[in-house]
Amino acid sequence: MKEQSDIPAASRRIVIMGNGGSGKTWLALRLAEPLGLRLVHLDDVHWEPGRYGIARDRAVVHEDVRTLAAGEAWLIEGVYGRYVDIALPRTTALIWLDLSEDECVANIMRRGIQGGESQESFDGLVKWVSEYRIRKNNWNSFDAYLKLYESFSGQKARLTSRDEIDAYAKSFLRS
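Let me begin by describing the structure that accompanies this report. (Residues numbered from 1 in each chain as written. Predicted model: local features only at pLDDT ≥ 70, side-chain atom pairs only at ≥ 80, totals over all residues. Heavy atoms only, no water.)

## Focus: the overall build of the chain
Phase 1: Scanning the chain from N- to C-terminus turns up eight helices and five strands.
Phase 2: Taking 16 Å as the expected radius of gyration for a compact globule of 175 residues, we find that the chain reaches 16 Å, a close match to that expectation.
Phase 3: Dimensions of the chain along its principal axes, counting C-alpha atoms only, are 45 × 35 × 30 Å.
Phase 4: Taken across its 175 residues, the chain has 46% of its residues classed as buried. (Helix = DSSP H or I, 4+ residues; strand = E, 2+ residues; numbered from the N terminus. Rg over C-alpha atoms; globule rule 2.2 N^0.38 Å. Buried < 20%, exposed > 50% of the residue type's maximum accessible area, 1.4 Å probe, protein only.)

Right, here's the structure in full:
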């Protein structure tokens, strides 16, 4: 890990948000280590350890996210718009991966069942990912991410293709 003082100010606290299967983890893994940032996967904060599909107490998770966001250098990635909202006041760069549902579903299908997930829960995930733009009144939807993105006044990027994501990762690390 780099010394925190060696990390450029605009790169000290990064949030990557987007639909399931959009490439958040892929991008986070490419940015966090070279930048010297602690990588936080919101799935690890949201779900009970080792118990995929069992959510932790919401108030505890919110407090955990506040504590993580209070740190000086981190990269947080996940689908949880409410948790992004909690971290946003401390965020220095916001990256929104806004790929089509078809691309996201295809990526989910390629990676297959993970982490103790059942076929039933996997099928539910695929359905959930496919409903990204039609979900309403939900923190984990296109509408919610658009509001978060538009309200953020810091450095931000909205990436809509795999090529844009790849090019962004390369240029971000050069800057």
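Once the structure has been displayed, the description carries forward.
## What to know about helix α8 (residues 162-174)
Phase 1: Between its first and last C-alpha atoms α8 spans 19 Å; for 13 residues at 1.5 Å apiece the expected length is 18 Å, and the two agree.
Phase 2: Within the sequence span of α8, burial applies to I165, Y168, A169 and F172. Viewed end-on, α8 has its buried residues packed into an arc of 100°, placing them on one side of the element. Of the exposed residues in α8, the ones pointing more than 90 degrees away from its buried face are D163 and R174. (Expected span 1.5 Å × (residues − 1). Arc of directions from axis to C-beta.)

## Side note on the sheet that holds strand β4 (residues 93-97)
The strands that make up a sheet are held in pairs by hydrogen bonds between backbone atoms, and each pair lies either parallel or antiparallel.
Phase 1: The five strands are arranged β2-β3-β1-β4-β5 in an open sheet whose pairing can be described as parallel. Each edge of the open sheet carries a strand with a single partner, namely β2 (38-41) and β5 (155-159). Neighbour-to-neighbour, the strand axes of this sheet turn through a mean angle of 15°, independent of strand direction.
Phase 2: Both β2 and strand β3 (residues 74-78) contribute to a ladder of four bridges, which runs parallel. Following the sheet pairing, L39 is matched in β3 by L75. (Pairing = 2+ DSSP bridges. Axes fitted to C-alpha atoms, helices over the stretch in contact; angles between N-to-C directions.)

## Quick notes on the pattern of salt bridges
Phase 1: The full count for this structure, using the stated rule, is 11 salt bridges.
Phase 2: Here D64 and R56 are joined by a salt bridge, their closest N and O atoms 2.7 Å apart.
Phase 3: Classification of D64 as partly exposed rests on a relative accessible area of 29%.
Phase 4: Salt bridges sharing common partners tie together D98, E101, R133 and R158. (Salt bridge = Lys/Arg side-chain N within 4 Å of Asp/Glu carboxyl O.)

## Remarks on the environment of G115
Phase 1: Within the secondary structure layout, G115 lies in the loop between α5 (101-111) and α6 (119-130).
Phase 2: A relative accessible area of 66% means that G115 is categorised as exposed.
Phase 3: Between the C-alpha atom of G115 and that of G53, which follows or precedes it by 62 residues, the distance is 9.9 Å.

## A word on helix α1 (residues 24-35)
Phase 1: End to end, α1 covers 16 Å across 12 residues, agreeing with the expected 16 Å (1.5 Å per residue, within 8%).
Phase 2: Among the residues of α1, K24, L27, A28, L31, A32 and L35 are the ones counted as buried. All buried residues of α1 fall inside an arc of 115° around its axis, so they share one side.
Phase 3: Looking one or two residues past α1, G36 carries a phi angle of roughly 75°, positive in sign.

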